[in-house]
Amino acid sequence: SHAAHVHHLSVPWVVRRQARKTSPSARIPALAVFLALVLPSAGSLRPTSLNRASQPLIRRMSQADAFDCRQRQLCEVEALQSMYDVDGSFVVDDTDAHELLKATVESCSAPEAFGGEGLPCLSFRIAHSDTEDTALSHSVKFLLPEAYPVSQHAVCRIEWEIGSRADHEFLNGVIDQYSESLRGEESCFMLVQRARELIQEAQAEKTQDIAEDLALQEAVRMVQDVQISERKRVLGRRLIYFHHIINEGKRQCIIEWAVQLQLGGYSKIGWPGVIVVEGPEECCQEYVRSLQRLRWQLMVVRGEEMEECPEDSSIDDLRKMHRGFEETDNMSLLAERCRQAGLEELFLTSMKIYGGRGGEESKKGAGAEQAEARGKKGGAGKRR
């Protein structure tokens, strides 16, 4: 019944590390510590949850070492309280337990005579309220095991009000690994700082996702609003090169926008990505602009062609590709389709070969030069 709460504490290091350091007969206490850590409910880190099970750790340590750990814990908590208690951000979960531990340490005449058995673990929380951006407000809950900071690391958990369950699992997994890397030193302040950085990064990612969604919606609206002019009867073709085309949403836009703009052609997904389209020139231009509004690691228009439509002909009479739009993950198939349509020269621009198989750079049209310069405006972004 407690399995669902294990991810909140993520402390399998107890069994792993203790099993390597101790004899088989001494591994049972380590297992007891692990069970005591994962059994408390997800809603709180109770200081009493580790007391009984972690007594063997106290017995294995010398009394002087146990005294040193507890004294260092109290000093660290006092320092944190002085830093964060100005606006009530620092809260001790069990003040009676804190006072009992403090009184026991202060009354100890000699470290060798320290009677630490039965003392509770310290637990507290530090809240961060951001007045400029309330979305960054969060709190970090701490529990300090008996052997912290000498041989155990601080158990901490981030609580972010607007974070999803997946956000919390990720954040607490990262902060737990960071806490373990700091074993052997007082680490609570560094964990608080790291938690703040993680929240900022997570919120920035959320903000960026929202901005991308808005840009996508705007691009869809622009495609839907485009008017096809009957006066400028010019057929256009474009070959667009991408570092990769993977994202399902973008793949859907590539197809739907082409159909809406009366463009026919192909898209090759994967690494690299290539799109070849054909249709009314103004629609080709709008198609490229719409794709550039999305975020790509690399997007470049490497080839373009334009044909004036004679008075006695229509745009469809000049088409060399089908009116539909086809997606493939096979570059050889795309090359064959272009070859069959008499567009091999356009396809070769995907490999920066201009002027056909001769590859003469002097034959590279001014349109292709300008297209590549415009295409680079697609910009670099995170992988999608």
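Residue positions are counted from 1 within each chain, in the order its sequence is given. Since the coordinates come from a predicted model, pLDDT governs what is reported: local features require at least 70, and pairs of side-chain atoms require 80 or more to be given and counted, while whole-chain, interface and lining totals use all residues. Water and hydrogen atoms play no part in the side-chain values, which are based on all heavy atoms of the structure.

1. Focus on a negative patch on the surface
Rules: Candidates for patches are residues over 30% relative accessible area with no salt bridge; among them, like charges are joined within 9 Å and nonpolar side chains (Val, Leu, Ile, Met, Phe, Trp, Tyr) within 5 Å. A 1.4 Å probe and the Shrake-Rupley method give the accessible areas. Residues count as covered only by the protein chains that appear here. The working definition used for a salt bridge is a side-chain nitrogen of Lys or Arg within 4 Å of a carboxyl oxygen of Asp or Glu. Charged residues are defined here as Lys and Arg on the positive side and Asp and Glu on the negative side; His and the ends of the chain fall outside this count. Charge coordinates come from a single atom per side chain, which is NZ of Lys, CZ of Arg, CG of Asp or CD of Glu. For the purposes of this entry, the term helix denotes a DSSP run of H or I that reaches at least four residues, the term strand denotes a run of E that reaches at least two, and both are numbered from the N terminus. Classification of residues uses two cut-offs on accessible area relative to the type maximum, computed with a 1.4 Å probe and protein chains only: under 20% is buried, over 50% is exposed, and between them is partly exposed.
Residues Glu78, Asp96, Glu99 and Glu106 make up a contiguous surface patch of negative charge. If you tally residues by element for the negative patch, the top one is helix α6 (residues 95-107), at three residues. Tracing the backbone shows Glu99 in helix α6. A relative accessible area of 46% means that Glu99 is categorised as partly exposed.

2. Focus: the packing of helix α9 (residues 248-260) against helix α10 (residues 281-292)
When two helices pack together, you describe them by how their axes are tilted relative to each other and by the distance separating the axes. Counted only if it meets this: For every element, the axis is a line fit to its C-alpha atoms; helices are fit only across the contacting stretch, and the angle between N-to-C directions ranges from 0 to 180 degrees. The labels follow the angle: roughly parallel below 35 degrees, roughly antiparallel above 145, roughly perpendicular from 65 to 115, and oblique for the rest. Here a crossing is called left-handed whenever its near helix is offset anticlockwise from the far helix by less than a right angle, and right-handed whenever the offset is clockwise. Working rule for contacts: check all heavy atoms of both residues, and any pair within 4.5 Å makes them a contact. Classification convention: Asp, Glu, Lys, Arg as charged; Ala, Val, Leu, Ile, Met, Phe, Trp, Tyr, Cys, Pro as nonpolar; all other residues, Gly among them, as polar.
Viewed as axis vectors pointing N to C, α9 and α10 meet at an angle of 155°, and their least axial separation amounts to 10 Å. Looking at the two axes, α9 sits roughly antiparallel to α10. Crossing angle aside, the handedness with which α9 passes α10 is right-handed. Two secondary-structure elements touch here, α9 through Ile254, Trp257 and Ala258 and α10 through Tyr287, Ser290 and Leu291. Of the residues belonging to the contact of α9 with α10, the class tally is five nonpolar, one polar and no charged.

3. Details of the pattern of salt bridges
Using the criterion set out here, one finds 24 salt bridges in the structure. One salt bridge in this structure joins Glu186 and Arg72, with 2.7 Å as the shortest N-O distance. A residue pair is termed long-range when its members are at least 10 positions apart, and Glu186 in the loop between α7 (165-181) and α8 (188-225) and Arg72 in helix α5 (residues 63-84) qualify at 114 residues. For Arg72, a relative accessible area of 23% translates into the label partly exposed. Linking Asp167 and Lys206 is a salt bridge whose minimum nitrogen-to-oxygen distance equals 3.0 Å. One end of the pair, Asp167, is in helix α7; the other, Lys206, is in helix α8, with 39 residues separating them in the sequence. On the accessibility criterion, Lys206 (28% relative accessible area) is partly exposed. Here the residues in one salt-bridge network are Arg125, Lys141, Arg157 and Glu159, joined through shared partners.

4. Description of the sheet that holds strand β2 (residues 122-128)
Here is the rule: We call two strands paired when DSSP finds no fewer than two bridges between them.
An order of β1-β2-β3-β4 is seen for the four strands of this open sheet, with the pairing classed as antiparallel. This sheet does not close on itself; its edge strands, each paired only once, are β1 (90-92) and β4 (155-160). Strand-to-strand twist of the sheet, defined as the mean angle between neighbouring strand axes without regard to direction, takes the value 20°.

5. What to know about the sheet that holds strand β5 (residues 234-242)
Taken together, five strands build an open sheet; the order of strands is β8-β5-β7-β6-β9 and the sheet is mixed. What marks the edges here is a single partner per strand, and that holds for β8 (299-308) and β9 (325-328). Here the strands of the sheet are splayed against their neighbours by 10° on average, with no regard to which way each runs. When β5 meets β8, the two strands line up antiparallel, connected through nine bridges. Among the inter-strand pairings, Tyr241 is bridged to a residue of β8, identified as Val300. Across the face of the sheet, α9 comes into contact with β6 (264-268), β7 (273-280) and β9 while running at roughly 160° to β9.

6. Description of the environment of Ala195
Mapped onto the elements of the fold, Ala195 is located in helix α8. Accessibility expressed as a relative area gives 0% for Ala195, which makes it buried. Measuring from C-alpha to C-alpha, the distance between Ala195 and Ile158 comes to 7.0 Å, with 37 residues separating the pair along the chain. In this structure Ala195 touches His138, Val140, Ile158 and Ile175, once residues within four positions along its chain are discounted.

7. So, unusual backbone geometry
Pro149 follows Tyr148 through a cis peptide bond whose omega is 5°. Residues Trp271 and Pro272 are joined by a peptide bond in cis, for which omega reads -15°. Among the secondary structure elements, Pro272 is positioned in the loop between β6 and β7. Positive phi, normally seen in glycine, also occurs at Lys352, with a value near 60°. Along the chain, Lys352 falls in the loop between α13 (344-348) and α14 (366-375). Given the relative accessible area of 47%, Lys352 is considered partly exposed.

8. Some words on the environment of His128
Heads up, the rule is: A 3.5 Å cut-off defines polar contacts: any pair of N or O atoms within that distance qualifies, except that in protein one atom must be a possible hydrogen donor and the other a possible acceptor, and neighbouring residues in sequence count only when both atoms are side-chain atoms.
Its location among the elements puts His128 in strand β2. By relative accessible area, which is 18% here, His128 ends up buried. Not counting the four nearest positions on each side in its chain, His128 is found in contact with Leu136, Ser137, His138 and Arg196. Within the structure, His128 has its side chain in polar contact with the side chain of Arg196 (distance 3.2 Å).

9. Here we look at the environment of Pro145
Along the chain, the position of Pro145 falls in the loop between β3 (138-144) and β4. Sequence separation between Pro145 and Leu122 is 23 residues, and the spatial gap between their C-alpha atoms is 7.6 Å.

10. Description of the packing of α5 against α6
The geometry of α5 relative to α6 is characterised by a closest axis approach of 10 Å and an angle of 125° between their N-to-C directions. Between α5 and α6, the angle is such that the two are oblique. Like other packed secondary-structure pairs, α5 and α6 cross with a definite hand, here left-handed. Contacts between α5 and α6 involve Phe67, Arg70, Gln71, Leu74 and Val77 from the former and His98, Leu101, Lys102 and Val105 from the latter. Classifying every residue of the contact of α5 with α6 gives five nonpolar, two polar and two charged.

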